[in-house]
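Residues per chain are reported as follows:
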Amino acid sequence: MDGDKAFRIGLNLTAFLFILFVGITFLSLIIASGPSIKAFGWKFVISTEWDPTAGKFGALPFLTGTLLTSFLALLMSTPLAFSLALFLGIYSRKGLRFAYILDYAVDLLAGIPSVIYGLWALFFLVPVVRWMEIKMNITPFGVGIFTASLVLAIMIIPYISSISKEMVAMVPQDLLEAGMALGATDWEVVKNIIVPYCLSGFYAGILLGLGRALGETMAVTMVIGNFNGMPKDLFSPGNTMASVIANEFAEAVGDLHLSSLIQIGLWLFLVNVIVNLVGQVIVRKVSIRR
Amino acid sequence: MSTRARRIKDRIFKATILSLSLLTLLPLLLILITIISKGYSAISLDFFTKLPTPPGDPGGGILNSIVGSLLLIAIAVVISVPTGVGLGLYLSETRGPWASLVEILINTLQGIPSIVVGILAYLWIVKPLGGFSALSGGVALAIIMLPTVARATQETLIRLPTSLKEAGLSLGASYTRTIWKVILPSAMPGILSGVLLGVARIAGETAPLLFTAFGNPYLNLNPLKPVDAVPLLVFNYAMSPYSDWHQKAWGASLVLMVFILGINITIRKGPWKRR
């Protein structure tokens, strides 16, 4: 039975090394951001000045850019994603063929690489937004916070809808039948039974979408305009935490610049881990309830 | 409320969710149509077999990035499949706080932005080796792929009937032998589909390659030297000011989409159907 013991030990070792690996991930980010943390402290997140040649690094414009684009994207995609989840959840249950096709299409949307979203946005959305800006009589950049939010919104729809759809599909059949037996219309069933039942799952879907939006890099980098100052309004160019790393990391001027970019990565990592953990807790609670 | 009012409300609701659902199809259709119509004309035999030409020079292809992508994917698969299957096996064979911790960490790893994974590969491999390399890009992609493989393995193993394992053990086979000869072979279709899903995911990853694989206009098979990748080429060409490079970016996008959609369709329709 020695072979068995060795095998068991091997499995446990894999798990242990994995835990160690995640720990090292976090540690190496902290160590590498050390010089920047030491040099700027809390000023790093409240200063708006980012000047690599002068050695001044403040990340507030990028924090602002990330928060603005992510929340705008959520605002635009949530109604769409929930409609989709309700439609798919209710009608694929009733065996509607079209619902299956739609479901498949949304899955495809999730599989498109972000650089292709970026390419499409650059040559399709940017001209559209520029045309809009000319009509609205503001500086027609075309690129900027709004365009980035638009492409982000499209990208995160499948993430919000897939988990919400699963929740809708998990509503017990007898609850729905009870509602219908009482003469409730589909809308009344949705409002009084499905939505209350799925609420926490919907929150988890939003969190998942938010996590994805916060860390999304390529598509945003290609259409946000890569401007390192504070964005003046929703249509002005900007930068997000992820896009500034993508733009400047390979050509960083000096160690402090690199370390500051890594510190932005550290924040991105932490925020994502927190958003993710909260989402996991919600999903776990919901699945235990069933 | 009268029945009539309720009916009207119901109609409005149905019309709203139907039209909003259809609206989500619009971007997908637009993206597919644009890629196919713009990418189609860029594609020829040369596109797959020639190296890039400078902007303005007609002809040339993306051979360097196709080879680079395959090299990166190969490195990622070699690293992530054994570790991922091992973790999945551990999770399905173990209960308790450690298993929960590993599960939570796997889910967390899946949520880490890919650009941060790129930073890690830079710190661990590019910096010590003193230069950009295919190896560092492959490691970054392996980290991104690992959770997909681990979870696919775990999910497949959990769904196998316990009678399989009992049959193996009751025939006198040792635990290890049962796992190797009975459990893993029965789980193979599920694991394979997980690996394919992971490959589909990393094939389009760009952000973690920006400062690891870096890109290379020449053909390279040395894992310690920089390589190009198809998504990286799409990014660099799209951001360039040259219209013939834009054209090639569309062509490369079409190639990438066909590859990724092909995998997705294989997983659903093939002998290793998921779910």
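Residues numbered from 1 in each chain as written. Chains lettered and ligands numbered in written order. Predicted model: local features only at pLDDT ≥ 70, side-chain atom pairs only at ≥ 80, totals over all residues.

**Let's talk about the overall build of chain A**
Helix and strand content of chain A: eleven helices and two strands. When the helices and strands of chain A are placed in sequence order, the string is α-α-β-β-α-α-α-α-α-α-α-α-α. Dimensions of chain A along its principal axes, counting C-alpha atoms only, are 75 × 70 × 30 Å. Across the 290 residues in chain A, those meeting the buried criterion constitute 49%. For chain A, long-range pairs separated by at least 24 residues make up 74% of all intrachain contacts whose partners lie at least 6 apart in sequence. (Helix = DSSP H or I, 4+ residues; strand = E, 2+ residues; numbered from the N terminus. Buried ≥ 20, exposed ≤ 12 C-beta atoms within 10 Å, placed from the backbone. Contact = placed C-beta atoms within 7 Å.)

**Considerations on the overall build of chain B**
Within chain B, the regular secondary structure consists of ten helices and zero strands. Reading chain B from its N terminus to its C terminus gives the helix and strand order α-α-α-α-α-α-α-α-α-α. Its C-alpha atoms put chain B at 70 × 70 × 35 Å along the principal axes. The burial tally for chain B puts 46% of its 275 residues in the buried class. Taking as baseline every contact in chain B between residues at least 6 positions apart, the subset at least 24 positions apart corresponds to 73%.

**So, helix α1 (residues 2–40) of chain A**
For α1(A), built from 39 residues, the straight-helix expectation of 57 Å at 1.5 Å per residue is met to within 8% by its first-to-last C-alpha distance of 56 Å. At A:G34, α1(A) shows its largest bend, some 50°, and a proline, A:P35, comes one to four positions later. (Expected span 1.5 Å × (residues − 1). Bend = angle between axes of the 7 residues up to and from the residue.)

**Some remarks on the interface of chain A and chain B**
Many descriptions give the size of an interface as the accessible area lost when the pieces come together. The interface is formed by 59 residues belonging to chain A together with 65 residues belonging to chain B. A class-by-class count of the residues in the side of chain A that touches chain B yields 41 nonpolar, 16 polar and two charged. (Nonpolar A, V, L, I, M, F, W, Y, C, P; charged D, E, K, R; others polar.)

**Notes on the packing of helix α3 (residues 63–93) of chain B against helix α8 (residues 175–203) of chain B**
Two quantities define a packed helix pair, namely the angle between the axes and the distance from one axis to the other. Residues and elements named next belong to chain B. At a closest axis distance of 10 Å, the pairing of α3 and α8 adopts a crossing angle of 140°. The pairing of α3 with α8 is recorded here as oblique in orientation. For α3 against α8, the interelement crossing comes out right-handed. Touching S69, I73, A76, V77, S80, V81 and V85 of α3 are I191, V195, G198, V199, I202 and A203, all from α8. Split into classes, the residues belonging to the contact of α3 with α8 amount to ten nonpolar, three polar and no charged. (Axes fitted to C-alpha atoms, helices over the stretch in contact; angles between N-to-C directions. Parallel < 35°, antiparallel > 145°, perpendicular 65-115°, else oblique. Left-handed = near helix turned anticlockwise from the far one by under 90°.)

**A closer look at the environment of B:A207**
Looking at the element boundaries, B:A207 is found in the loop between α8 and α9 (230–239). Between the C-alpha atom of B:A207 and that of B:G61, which follows or precedes it by 146 residues, the distance is 23 Å. In contact with B:A207, other than residues within four places in its own chain, are A:T217, A:M218, A:A246, B:S114, B:I115 and B:G118.

**Digging into α9(B)**
With eight of ten residues buried, α9(B) is to be regarded as a mostly interior element. B:V230, B:P231, B:L232, B:L233, B:V234, B:F235, B:Y237 and B:A238 are the residues of α9(B) that are buried. On its buried side, α9(B) packs onto α5 (114–135) and α9 (218–223) of chain A together with α3 and α10 (243–269) of chain B.

**Quick word on the environment of A:G95**
Here A:G95 shows up in the loop between α3 (60–91) and α4 (97–111). Residues A:G95 and A:T25, spaced 70 residues apart in sequence, show a C-alpha to C-alpha distance of 46 Å.

**Examining the confidence of the model for chain B**
Averaged over chain B, the pLDDT score is 90; the fraction of residues at 70 or greater is 97%. If you check the scores for this complex, the pTM reads 0.93 and the ipTM reads 0.91. (pLDDT = per-residue confidence, 0-100.)

**Remarks on the packing of α3(A) against helix α6 (residues 145–169) of chain A**
All names here are of chain A. Closest axis-to-axis distance for the α3/α6 pair is 5 Å, and the angle between their directions is 35°. Regarding α3 and α6, the two cross each other, and that crossing is right-handed. A breakdown of the residues in the contact of α3 with α6 according to their chemical character gives 21 nonpolar, eight polar and one charged.

**Describing unusual backbone geometry**
All names here are of chain A. Backbone geometry places N137, a non-glycine residue, at a positive phi of 65°. Mapping N137 onto the fold places it in the loop between α5 and α6. In this structure, N226 takes a positive phi of about 50° despite not being glycine. Following the sequence through the fold, N226 ends up in the loop between α9 and α10 (241–248). In this structure N226 comes out as partly exposed when scored by C-beta crowding, with 19 C-beta atoms within 10 Å.

**Quick word on the confidence of the model for chain A**
Averaged over chain A, the pLDDT score is 90; the fraction of residues at 70 or greater is 99%. Mean pLDDT values over the elements of chain A span from 85, in α4(A), up to 95, in α9(A).

**Things to note about the environment of B:K248**
All names here are of chain B. Its location among the elements puts K248 in helix α10. Of the residues examined, K248 has 26 C-beta atoms within 10 Å and is grouped as buried. Separated by 16 residues in sequence, K248 and L232 have C-alpha atoms that sit 12 Å apart. Each residue touching K248, except ones within four places of it in the same chain, is listed here: A42, I62 and Y237.

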